[in-house]
2 protein chains.
Amino acid sequence: MEYPNNIKKPNHKTINYSNRGMDLEQFINETNEYYVEKDIALIYKKPTPIGISEAVYTPHGRIIKNGYFKSPSTLDYNGVYRGKYIEFEAKETQSKTSFPLANFHEHQLGYIARVLQHGGICFVLIRMNHKVYLLKGEDLTQFISENTRKSIPYEYIVEKGFVIEEKYNPSLDYLKIVDQVYFKGESLWQKN
Amino acid sequence: MEYPNNIKKPNHKTINYSNRGMDLEQFINETNEYYVEKDIALIYKKPTPIGISEAVYTPHGRIIKNGYFKSPSTLDYNGVYRGKYIEFEAKETQSKTSFPLANFHEHQLGYIARVLQHGGICFVLIRMNHKVYLLKGEDLTQFISENTRKSIPYEYIVEKGFVIEEKYNPSLDYLKIVDQVYFKGESLWQKN
């Protein structure tokens, strides 16, 4: 379907996103574009699931007149890297001491365990205290199974996570860490 | 975000989908739910990408007042099966003699080649002449590279494709064919 001529192209600058998480998401989107351009990986942000209550037909196609956002029950990003399935979520918190599990939607935590069970690579990128950590899905689910706390202490993230450097082009080269963590074994990886 | 109370839950029976492709999509969605329930695979239809021209805030969350559908440049379904990345598209045609390549959106054919290059399993499910065929991405891209025709002759699909039986629960057990085609080598698979 072509872009309808009678609809203003959305100006992303005027759309009021929730600020929280936006910067990290931008970094990841830029990085994913870099990976696609350089033929490194095909990883995309999934479109937000939308429910449609009212739609009308126009000469340019079907237009949504009333729609709402659904809660995702899977994670935000997925794709293929070195033949493997990869799926992850990106989250940030302003808290300096712990990462609240309420940042996840219902079902997402259970979903992470299922991706792992099917042999996929699954992790969370957590931005906290001005650093971005890759926390393996295995370490996240282990924490949840062994704790009743509603948040993950920062010390746990520092201990288990892997710091991803923010740099220029790509801005957040998380696949470099994925290589080290998932493709050569953890013991080869020197933690920052 | 919770389901807004003031918005009628969409009744899928009243939404006027394009009829073409709908039945096949229903079969696949049912089958994917079966695979998830039985812990066989995690494969989902990607949400249709939406552009938003106008949105308003309500006590129940952000509501889309003007949105349009974007053309997907990737394929409709993706997920993880036996640790591997899997992505595919489902198409049907009323034509008895050939499958028109115009059924694909721009960029989709090139995208199939890229998924293959990254080691993903990628194919098309084609419903034609009351049968559903799995046509490997490799065979589709080979046809395109060797032909200038705008449609694939039915004979090519019969020759290269693998018939997927329609049956009861799951209605379209395409992973059975994926097992035979991708996990044991093609030579072991007796074509129907």
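For the structure itself, look to the data block above.
Along each chain, the written sequence defines residue order, and numbers are assigned to residues from 1. All chains are assigned letters beginning with A, and all ligands numbers beginning with 1, in the order in which they are written. Given that the model is predicted, a residue must reach a pLDDT of at least 70 before its local features are reported, and side-chain atom pairs must reach 80 or more before they are shown or counted; all residues, however, enter totals for whole chains, interfaces and linings.

Asks: What should I look at first to understand the interface of chain B and chain A in this one?
Replies: The parts lose accessible area when they come together, and the size of an interface is often stated as this lost area. Our contact criterion uses C-beta atoms placed from the backbone: two residues qualify when those atoms are within 7 Å. Taken together, the 39 residues of chain B in the interface contact 40 residues of chain A. Numbering of helices and strands runs from the N terminus, with a helix taken as a DSSP run of H or I at least four residues long and a strand as a DSSP run of E at least two residues long. At the level of secondary structure, the elements contributing two or more residues to the side of chain B that touches chain A comprise strand 1 (42-45), strand 2 (50-58), strand 3 (61-69), strand 4 (77-81), strand 5 (84-92) and helix 2 (108-117) of chain B. Paired strands, as defined in this entry, are two strands with at least two bridges between them according to DSSP. As defined by bridge partners, strand 3 (residues 61-69) of chain A adjoins strand 3 of chain B across four bridges and the pair is classed as antiparallel. Counted as the bridge partner of Gly-67 of chain A is Ile-64 of chain B from strand 3 of chain B.

Asks: Help me out: how do you make sense of the nonpolar core in this one?
Replies: It is characteristic of soluble globular proteins that their nonpolar side chains tend to be buried jointly. A set of buried residues qualifies as a nonpolar core if it consists of Ala, Val, Leu, Ile, Met, Phe, Trp, Tyr and Cys joined through C-beta atoms within 7 Å. Whether a residue is buried, exposed or partly exposed follows from its count of other C-beta atoms within 10 Å of its own C-beta, namely 20 or more, 12 or fewer, or something in between, respectively; the C-beta atoms are built from the backbone. Grouped together as the largest cluster of nonpolar side chains are 76 residues, with contacts concentrated most on Phe-88 and Leu-134 of chain A together with Phe-88 and Leu-134 of chain B. Excluding its chain neighbours within four sequence positions, the residues that come into contact with Phe-88 of chain A are Leu-75, Tyr-77, Cys-122, Phe-123, Val-124 and Leu-125 of chain A.

Asks: What am I meant to see in the relation of the copies chain B and chain A here?
Replies: These two copies of the chain differ by a rotation about an axis and a displacement along the same axis. The copies were overlaid by least squares, fitting only the C-alpha atoms of residues that reach a pLDDT of 70 or more in each copy. Each copy of the sequence occupies a distinct position, and chain B is placed on chain A by a rotation of 180° and an axial shift of 0.0 Å, giving an RMSD of 0.0 Å. The superposition operator between the copies reduces to a two-fold rotation axis.

Asks: Explain the packing of helix 2 of chain B against helix 3 (residues 137-146) of chain B here, please?
Replies: When two helices pack together, their arrangement is given by the angle between their axes and by how far apart the axes lie. All names here are of chain B. Axes, fitted as lines to C-alpha atoms, cover a helix only where it is in contact. Angles between the N-to-C directions of the axes lie from 0 to 180 degrees. In contact at an axis separation of 10 Å, helix 2 and helix 3 are set at 130° when each is read in the N-to-C sense. As far as their axial angle goes, helix 3 and helix 2 are oblique. Seen along the crossing, helix 2 lies across helix 3 with a hand that is left-handed. Where helix 2 abuts helix 3, its residues Leu-109, Ile-112, Ala-113, Val-115 and Leu-116 lie against Gly-137, Glu-138, Leu-140, Thr-141 and Ile-144. Working rule for angles: under 35 degrees goes down as roughly parallel, over 145 as roughly antiparallel, 65 to 115 as roughly perpendicular, anything else as oblique. Should the near helix be turned anticlockwise from the far one by less than a right angle, the crossing is termed left-handed; should it be turned clockwise, right-handed.

Asks: Whenever I open this one, the pairing of strand 8 (residues 131-136) of chain A confuses me. Can you help?
Replies: Remember that side chains alternate between the two faces of the sheet whenever the strand is regular. All names here are of chain A. When you tally the buried positions in strand 8, you get five out of six residues, the bulk of the element. Where strand 7 (residues 121-128) lies against strand 8, six bridges are found, and the strand directions are antiparallel. What sits directly across from Ile-126, in strand 8, is Tyr-133. Hairpin connection between strand 7 and strand 8: a loop of two residues separates the two successive antiparallel strands, and Asn-129 in this loop has a positive phi of roughly 50°.

Asks: Can you help me understand helix 2 of chain B in this one?
Replies: Because each turn of an α-helix spans 3.6 residues, side chains separated by three or four positions end up pointing in the same direction. When helix 2 of chain B is considered as a whole, its buried residues turn out to be Tyr-111, Ile-112 and Val-115 of chain B. Seen along its axis, helix 2 of chain B keeps its buried residues to an arc of 105°; they face one direction. Set apart from the buried face of helix 2 of chain B by more than 90 degrees, the exposed residues are Gly-110 and Gln-117 of chain B. Of the surrounding secondary structure, the elements contacted by the buried residues of helix 2 of chain B are strand 1 (42-45) and strand 4 (77-81) of chain A together with strand 5, strand 7 (121-128) and helix 3 of chain B. Two residues or fewer after helix 2 of chain B comes Gly-119 of chain B, characterised by a positive phi angle close to 85°. Working definition: the arc comes from the directions between the helix axis and the C-beta atoms, pointing outward to the latter.

Asks: For this particular structure, what's the right way to read unusual backbone geometry?
Replies: In most cases, non-glycine residues show a negative phi, while peptide bonds are predominantly trans. Residue Pro-170 of chain A follows Asn-169 of chain A across a cis peptide bond; omega there is 5°. Relative to the helices and strands, Pro-170 of chain A is located in the loop between strand 10 (162-164) and helix 5 (174-183). Not every positive phi belongs to a glycine, and Arg-82 of chain B is a case in point at roughly 50°. The topology assignment puts Arg-82 of chain B in the loop between strand 4 and strand 5. Given 16 C-beta atoms within 10 Å, Arg-82 of chain B falls into the partly exposed group. Even without glycine at this site, Asn-169 of chain B takes up a positive phi of about 45°. When you line up the elements, Asn-169 of chain B lands in the loop between strand 10 (162-164) and helix 5 (174-183).

Asks: Would you explain the environment of Lys-70 of chain B in this entry?
Replies: All names here are of chain B. Inspection of the secondary structure puts Lys-70 in the loop between strand 3 and strand 4. With 22 residues separating them along the chain, Lys-70 and Thr-48 place their C-alpha atoms 7.4 Å apart. Every residue in contact with Lys-70, bar those within four places of it in the chain, is listed here: Pro-49, Ile-50 and Gly-51.

Asks: Mind showing me how you'd approach the environment of Pro-72 of chain B here?
Replies: For Pro-72 of chain B, the position within the fold is in the loop between strand 3 and strand 4. Ignoring any residue separated from it by four or fewer positions in sequence, one finds Pro-72 of chain B in contact with Pro-49 and His-105 of chain B.

Asks: Which parts of the structure should I look at to understand the sheet that holds strand 3 of chain A?
Replies: Where strands meet in a sheet, backbone hydrogen bonds hold them as pairs that are either parallel or antiparallel. Taken in spatial order, the four strands line up as 2(A)-3(A)-3(B)-2(B) in an open sheet, and their pairing is antiparallel. For this open sheet the edge positions go to strand 2 (50-58) of chain A together with strand 2 of chain B, each flanked by a neighbour on one side alone. For this sheet, the mean angle separating the axes of adjacent strands, direction not counted, is 20°.

Asks: Help me understand the pairing of strand 4 of chain A in this model?
Replies: Residue and element names in this part refer to chain A. Among the five residues that make up strand 4, five are buried, leaving the element largely enclosed by the rest of the structure. Burial of the side chains of strand 4 extends over both faces: Tyr-77, Gly-79 and Tyr-81 are buried on one face and Asn-78 and Val-80 on the other. Sheet analysis places strand 1 next to strand 4, joined by four bridges and oriented antiparallel. Bridge pairing in strand 4 links Lys-45 to Tyr-77.

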